[in-house]
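Below are the chains, spelled out letter by letter.
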Amino acid sequence: MTRPPLPPFTEESARAKVQAAEDAWNSRDPERVALAYTEDSVWRNRDRFLTGRAEIREFLAAKWERELDYRLRKELWAFTGNRISVRFAYEWHDGDGRWFRSHGNEQWEFDDDGLMRRREASINDVPISAEDRRLF
């Protein structure tokens with residue numbers, strides 16, 4: 001399976017890859033998102049370490065059960081060869097209606113078929129009021 005755009009990335013293809021990731025994550029569909037990763041993809045997400053598409057899918061399903069009305073924006077930070085770096089922010093609320101904005105950075109590494117084989121994510125959460133939301 002190939003997942004264009006493929007490395008090596010240009011600015012245009014890196015921006016397209018970032019937009020495709022944003023669109024997929026905003027679908028909140030764990031299966032759709034997981035298909036962008038290799039079968040043996042390695043993740044660090046905050047303090048969690050995951051290996052493989054199945055673990056990623058399970059992680060995402062649990063994430064979107066906790067992080068309700070999730071909405072994400074990603075921005076290309078840098079790119080070279082088969083790597084892309086992004087910064088992002090997303091907003092969500094918990095089951096008690098408390099809102100948060102989560103800020104972070106990700107480093108991505110892709111295989112030759114355009115599937116992500118490695119993802120490193122650092123994320124911080126900030127409580128916000130519903131009136132302070134920016135992402136709809």
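Keep in mind that what you see is a predicted model, and the values were worked out from it rather than measured.

Thresholds, definitions, all that
Along every chain, residues carry numbers that run from 1 in the direction the sequence is written. Only residues with pLDDT of at least 70 get local features here, since the model is predicted, and only at 80 or more are side-chain atom pairs given and counted; chain-wide, interface and lining totals rely on the full set of residues. Based on all heavy atoms of the structure, the side-chain values leave hydrogens and waters out of the count. Think of a nonpolar core as a cluster: buried Ala, Val, Leu, Ile, Met, Phe, Trp, Tyr and Cys residues, connected wherever their side-chain atoms sit within 4.5 Å. The cut-offs for exposure are 20% and 50% of the maximum accessible area for each residue type, with area from a 1.4 Å probe on protein chains only; residues under the lower value are buried, those over the upper are exposed, and the others partly exposed. Numbering of helices and strands runs from the N terminus, with a helix taken as a DSSP run of H or I at least four residues long and a strand as a DSSP run of E at least two residues long. Should any heavy atoms of two residues lie within 4.5 Å, those residues are counted as being in contact. When DSSP finds two or more bridges between two strands, those strands count as paired. The convention used is that axes are lines fitted to C-alpha atoms, helices contributing only their stretch in contact, and that angles between N-to-C directions extend from 0 to 180 degrees. Should a side-chain nitrogen of Lys or Arg be within 4 Å of a carboxyl oxygen of Asp or Glu, the pair is scored as a salt bridge. The span one expects for a helix is its residue count, reduced by one, times 1.5 Å. Arc definition: it is the arc formed by the directions from the helix axis to the C-beta atoms.

**Let's talk about the nonpolar core**
Then comes step 1: Core analysis: the biggest nonpolar cluster contains 29 residues, and Trp25, Trp43, Leu60, Ile84 and Trp108 have the highest contact counts within it.
Then comes step 2: Those elements giving two or more residues to this core turn out to be helix H1 (11-27), helix H2 (30-34), strand E1 (37-45), helix H3 (53-66), strand E3 (68-80), strand E4 (83-93), strand E5 (99-110) and strand E6 (116-128).
Then comes step 3: Residues in contact with Trp43, not counting those within four places in the same chain, are Trp25, Tyr37, Arg48, Phe49, Leu50, Ile56, Phe59, Leu60 and Arg119.

**A few points about the sheet that holds E3**
Then comes step 1: Here six strands make up an open sheet; going across it, the order is E2-E1-E6-E5-E4-E3 and the pairing mixed. Only two strands of the sheet have a single partner each, and these edge strands are strand E2 (48-51) and E3. If you compare each strand with its neighbour and ignore which way they point, the axes differ by 20° on average.
Then comes step 2: The sheet contact formed by E3 and E4 spans ten bridges and is antiparallel. The residue of E4 that forms the bridge with Phe79 is Ile84.
Then comes step 3: Of the strands in this sheet, E1, E3, E4, E5 and E6 touch H1, which is tilted by about 165° from E3.
Then comes step 4: Against the sheet, H3 contacts E1, E2, E3 and E4, and its axis sits at roughly 50° relative to E1.

**What to know about the pattern of salt bridges**
Then comes step 1: The tally for this structure, following the rule as stated, stands at 17 salt bridges.
Then comes step 2: Of the charged contacts, one joins Glu120 and Arg44 as a salt bridge, the two residues approaching to 3.0 Å between their closest N and O atoms. Here the residue Glu120 occupies a position in strand E6, and Arg44 occupies one in strand E1, the gap between them amounting to 76 residues.
Then comes step 3: The exposure class of Arg44 is buried, given its relative accessible area of 18%.
Then comes step 4: Between Arg117 and Glu109 there is a salt bridge, with its nearest N and O atoms 3.1 Å apart.
Then comes step 5: Taken together, the shared-partner salt bridges connect Arg44, Arg118 and Glu120 into one network.

**Some thoughts on the environment of Arg32**
Then comes step 1: Structurally, Arg32 is set in helix H2.
Then comes step 2: Judged by relative accessible area, Arg32 falls into the partly exposed class, the value being 39%.
Then comes step 3: In contact with Arg32, other than residues within four places in its own chain, are Arg3, Asp23, Ala24 and Ser27.

**Section: H1**
Then comes step 1: The terminal C-alpha atoms of H1 lie 25 Å apart, and with 17 residues this matches the ideal 24 Å at 1.5 Å per residue to within 8%.
Then comes step 2: Among the residues making up H1, those that are buried are Ser13, Ala14, Lys17, Val18, Ala21, Glu22, Ala24, Trp25 and Asn26.
Then comes step 3: A positive backbone phi angle near 55° is found at Arg28, which sits one or two residues after H1.

**Here's the deal with the pairing of E2**
Then comes step 1: As judged from the four bridges shared by E1 and E2, these two strands associate in the antiparallel manner. Bridge pairing links Val42 to Thr51 in E2.
Then comes step 2: Linkage of E1 to E2, two consecutive antiparallel strands, is achieved through a turn of two residues, within which Arg46 is found at a positive phi near 60°.

**Comments concerning H3**
In an α-helix, one turn spans 3.6 residues, which is why side chains three or four residues apart end up on the same side.
Then comes step 1: Helix length check: H3 (14 residues) gives 20 Å between terminal C-alpha atoms against 20 Å at 1.5 Å per residue, within 8%.
Then comes step 2: Along H3, the residues classified as buried are Arg53, Ile56, Phe59, Leu60, Lys63 and Trp64. Buried residues of H3 fall within an arc of 125° about the axis and therefore sit on the same side. Seen from the open side of H3, the exposed residues pointing more than 90 degrees away from its buried face are Glu58 and Glu65.
Then comes step 3: Of the surrounding secondary structure, the elements contacted by the buried residues of H3 are H1, H2, E1, E2, E3 and E4.

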